[in-house]
Amino acid sequence: MPGKETFNKVEPTSKEKIESPIPASSEINPEVEKKMTDKTKETAETLTPESRRFLGGLYEKIKSSDIVKNIVDRHEVHKNNKLENRANAKIGELERKKAMEIKGVQDIKNAQKESQGSSKKIEEIYKSMGKEMEQAEKDKFKSEIETHQKLIDEREGGAQRIECKITDATDKLEDYKNKAEAARGHLAGRLTAKMETNNQALQEFDGQRSEINKNINDNQTQIKELDKYEAGFKNLLSEGVQGAAAEIAKKNLAEIKAKKAEHIKNVKNLESNQNKIDKKIDGLKEKNNKLQEQHDKIYPAKEKTTQKQAGEKPENYKIDQGKVTLNFGGGKEMFLDSKGNITTIGSDGAQSTLALDKITNEALAKFKAVSSEELESVGIPPEIIERIQNIKPEAGEKKEFIAGNLVAEWNKYVKIFKLSELQVSLDKNSDPGQEFGDKTLAKEFLLNLIAKKAKVSKDKLKSPITSKVINFFNKQTA
Amino acid sequence: MDQDQKTQLLLSQTQAALRHSDQAIKNSQTTLAKLDDELKKIEDKNNKAQAVIDQEIVNIIQDMDEATVQFVKDTE
């Protein structure tokens, strides 16, 4: 809180004393005091017992020192009306004092006027008698008027000093309210940032889950395949083959059985790990639900719908020197600067910046409407432009695969991983405009191009390559 | 196709299937071997980012606590 001046101590009125919500014996909660800065503790130590009790009352609800868990309760302390009421009571008291001073000034002015009137009357009486007022008497009236003037000056000065205190108190109340409102925006922003960070982790867990799922499917496919050959050998034996053929059949059956057992063990292990990931995903989703609840308590949904008109998607954008600014309406803006940082200014004026290494694809996706040329023109780092270009479409949006684009996107994708040897090109006979109805056909097309380049059949492509293709399509369509 | 040919075909198909099996098993084991590390990396990264934001929340609250105590002092 800026400014060092404090107000004159004013005793609470009898009404305030009766209605005071301050518990008689409460002090500042030690759990709260534990997390106060040294400066705050020092200030708290200089408070009067009544003020400490008042603070104690404000913080009464908070029972633990964990600020992050108490974020809503703490915020409610700072926005508590009792603080404003207390300031208004002081301002009201000062107003009353000022009014008394002004009335006092008026009373003295009246007395002074009376003295001046008396002096004038006596002087006229003397004049009518052909005499002059004696100097001593003149001096007496002069001294009386001067005394009055001195009192007037003093009390007018007093009223001015009180007026300054009122202005100061009003300014401090406004400052405090502004600071609490800004803190509200910042807290809401930080809670959103926590959810966004969790969402990023969720996305990554989901990627791992997909990988596990692919492995489960592969193992199950192999089990089915082996079942087929197991049946074939059993059939051979049932047909009564003898000698070497029977031995071969038995040996292969044993091998198939062992391999199936390995697959089953693998599937169980993979499923158990998938459950482990699912628990982590559920845990993070639950955390986000709680964060959303906290966020909504700080910024109630009703308030958001009535006051905040900012949309999720940018309405328009402008290119400035060194930055691209997106306008979401309702006062919300987001800009990407040439250092690769993204700064968001909320409808509430709260500002938060994500540094280059912390930027999520979700944030970058907002800039998809801006062309690469425009991004380049303001000096946005090439790696950021590339990330924007590679961002998958939003959930629910149908991804269309067109041969030419697919090859270009795949080549960009593998280049990021420095796997240029996996880059492919369309056959002379291929139509760059060929559309694929779904991901599966597009995947087959790409796998064939890679296999052709590697001069192997599609089935012989190594697993790291096929995994890369699967991840590529997951990124494209998730 | 006589019995021998059938057996030979079945044998070669089975051997090919077993090779695919080996590959699938190997891939699964590779995935599982790196999984814990991958999950830990994700969690560590998230925990670190959350801790940074938590500290920002603490700073905001501490600033407001400071302003509140000062305000109470100012309104004595």
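As shown above, the structure is provided for reference.
Let me begin by describing the structure that accompanies this report. Values in this document were obtained by computation on a predicted structure and should not be read as measured data.

## Section: the interface of chain B and chain A
By convention, interface size is frequently given as the accessible area that disappears when the constituent parts associate.
Part 1: Of the residues lining the interface, 52 residues belong to chain B; the matching set on chain A comes to 78 residues.
Part 2: Both faces combined, the contact of chain B with chain A buries some 6300 Å², and carbon together with sulfur accounts for 66% of it.
Part 3: On the chain B side of the interface with chain A, the three residues burying the most area are Met64(B), Phe71(B) and Glu76(B), jointly 11% of the side's total.
Part 4: On inspection of chain B and its partner chain A, the count reaches nine salt bridges.
Part 5: The shortest N-O distance in the salt bridge between Lys259(A) and Asp22(B) comes to 2.7 Å.
Part 6: Counting across the interface, chain B meets chain A through 26 residue pairs in polar contact (both at pLDDT 80 or more).

## Some words on helix α13 (residues 403–416) of chain A
Residues and elements named next belong to chain A.
Part 1: With 14 residues, α13 extends 20 Å between its outermost C-alpha atoms, agreeing within 8% with the 20 Å of an ideal straight helix rising 1.5 Å per residue.
Part 2: Buried within α13 we find Ala-403, Leu-406, Val-407, Trp-410, Asn-411, Tyr-413 and Val-414. Projected down its long axis, α13 shows its buried positions confined to an angular sector of 160°, all on one face.
Part 3: Looking at the residues trailing α13, positive phi occurs at Lys-418, about 55°.

## Regarding unusual backbone geometry
Glycine aside, the phi torsion of most residues is negative, and most peptide linkages are trans.
Part 1: One non-glycine residue with positive phi stands out, namely Lys455(A), at about 55°.
Part 2: Tracing the sequence through the fold places Lys455(A) in the loop between α14 (439–454) and α15 (463–477).

## Examining the packing of aromatic side chains
All names here are of chain A.
Part 1: Inspection of every chain in the model, using the stated rule, returns five aromatic pairs over all chains.
Part 2: Clustering of aromatic rings is evident, with ring pairs tying together Trp-410, Tyr-413, Phe-472 and Phe-473.
Part 3: The aromatic ring of Phe-54 is capped on one face by Arg-86, whose charged end is 4.6 Å from the ring centroid.
Part 4: Looking at Lys-323, its charged tip hangs above the ring of Phe-335, at a distance of 4.1 Å from the centre.

## Examining the packing of helix α8 (residues 243–298) of chain A against helix α1 (residues 3–74) of chain B
Part 1: Viewed as axis vectors pointing N to C, α8(A) and α1(B) meet at an angle of 20°, and their least axial separation amounts to 10 Å. Viewed along their axes, α8(A) and α1(B) adopt a mutual orientation that is roughly parallel. Relative to α1(B), α8(A) is oriented so that their crossing is left-handed.
Part 2: Class assignment for the residues of the contact of α8(A) with α1(B) results in twelve nonpolar, eleven polar and eight charged.

The rules behind each value
Residues numbered from 1 in each chain as written. Chains lettered and ligands numbered in written order. Predicted model: local features only at pLDDT ≥ 70, side-chain atom pairs only at ≥ 80, totals over all residues. Heavy atoms only, no water. Contact = heavy atoms within 4.5 Å. Buried area = accessible area lost by both parts, 1.4 Å probe. Salt bridge = Lys/Arg side-chain N within 4 Å of Asp/Glu carboxyl O. Polar contact = N/O pair within 3.5 Å; in protein donor to acceptor, adjacent residues only side chain to side chain. Helix = DSSP H or I, 4+ residues; strand = E, 2+ residues; numbered from the N terminus. Expected span 1.5 Å × (residues − 1). Buried < 20%, exposed > 50% of the residue type's maximum accessible area, 1.4 Å probe, protein only. Arc of directions from axis to C-beta. Phe/Tyr/Trp six-rings, centres within 6.5 Å; stacked < 30°, edge-to-face > 60°. Lys NZ or Arg CZ within 6 Å of the ring centre and 35° of its normal. Axes fitted to C-alpha atoms, helices over the stretch in contact; angles between N-to-C directions. Parallel < 35°, antiparallel > 145°, perpendicular 65-115°, else oblique. Left-handed = near helix turned anticlockwise from the far one by under 90°. Nonpolar A, V, L, I, M, F, W, Y, C, P; charged D, E, K, R; others polar.

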